[in-house]
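Residue-level structural notes
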Amino acid sequence: AFIRKEYAQIGLDVAHEGFLFDNQLFLHASSIEKRVVTINFWDYYFTGDDYTPRFDGVIFFEIR
């Protein structure tokens, strides 16, 4: 689950979510591609050449 501080003001705790496999592959619904995609987690989370985080934080849950 990805967190954005500004979303808390409107009552949302989570800005986006997906599944992470093997600490690298990220499966999520892409609003840009309009479908579910699998991409590298680090490429998704850090944007641009300066590696700015896309979100303010991340919460990881383990499914057993």
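Scroll up for the structure.
This write-up is about the structure you can find in this document. (Residues numbered from 1 in each chain as written. Predicted model: local features only at pLDDT ≥ 70, side-chain atom pairs only at ≥ 80, totals over all residues. Heavy atoms only, no water.)

1. Quick notes on the packing of aromatic side chains
Inclusion rule: Each Phe, Tyr or Trp ring, with Trp reduced to its six-membered ring, pairs with another whose centre is within 6.5 Å; inter-plane angles below 30 degrees give stacked pairs, above 60 give edge-to-face pairs, and intermediate values give tilted ones. A run of H or I in DSSP becomes a helix once it reaches four residues, and a run of E becomes a strand once it reaches two; helices and strands are each numbered from the N terminus. The rule is simple: take the accessible area with a 1.4 Å probe, protein chains only, and divide by the maximum for that residue type; under 20% is buried, over 50% is exposed, in between is partly exposed. In this analysis the charged atom, NZ for Lys or CZ for Arg, is taken to sit over a ring once it is within 6 Å of the ring centre and within 35 degrees of the ring normal.
The tally for this structure, following the rule as stated, stands at 13 aromatic pairs. Between the aromatic rings of F2 and F55, the centroid separation amounts to 4.6 Å while the plane-to-plane angle is 25°, which identifies the pairing as stacked. Residue F2 is located in strand β1 (residues 2-3), and its partner F55 is located in the loop between β6 (52-53) and β7 (57-58); the two are separated by 53 residues in the primary sequence. The exposure class of F2 is buried, given its relative accessible area of 2%. Three or more aromatic residues joined by ring pairs make a cluster, and in this case those are F2, F26, F41, W42, Y44, Y45, F46, F55 and F60. Looking at R54, its charged tip hangs above the ring of Y44, at a distance of 4.3 Å from the centre.

2. With respect to the pairing of strand β4 (residues 35-40)
To keep things clear, this is the line we draw: Strand pairing is defined by DSSP finding a minimum of two bridges between the two strands.
Here strand β3 (residues 25-30) pairs with β4 via six bridges, running antiparallel. Residue S30 lies in a different strand from β4, and its bridge partner there is R35. In textbook terms, the turn of a hairpin is the stretch between consecutive antiparallel strands, and for β3 and β4 this stretch comprises four residues, one of which, K34, has a positive phi near 60°.

3. Here we look at the pattern of salt bridges
Put simply, the test is: By definition, a salt bridge exists where a carboxyl oxygen of Asp or Glu is found within 4 Å of a side-chain nitrogen of Lys or Arg.
Taken as a whole and judged by the stated rule, the model has two salt bridges. Note that E33 and R35 form a salt bridge whose closest N and O atoms lie 3.0 Å from each other. On the basis of relative accessible area, E33 is assigned to the partly exposed category, the value being 42%. Here R64 ties to E62 by a salt bridge, and the two come within 3.5 Å at their closest N and O atoms. With a relative accessible area of 86%, R64 lands in the exposed category.

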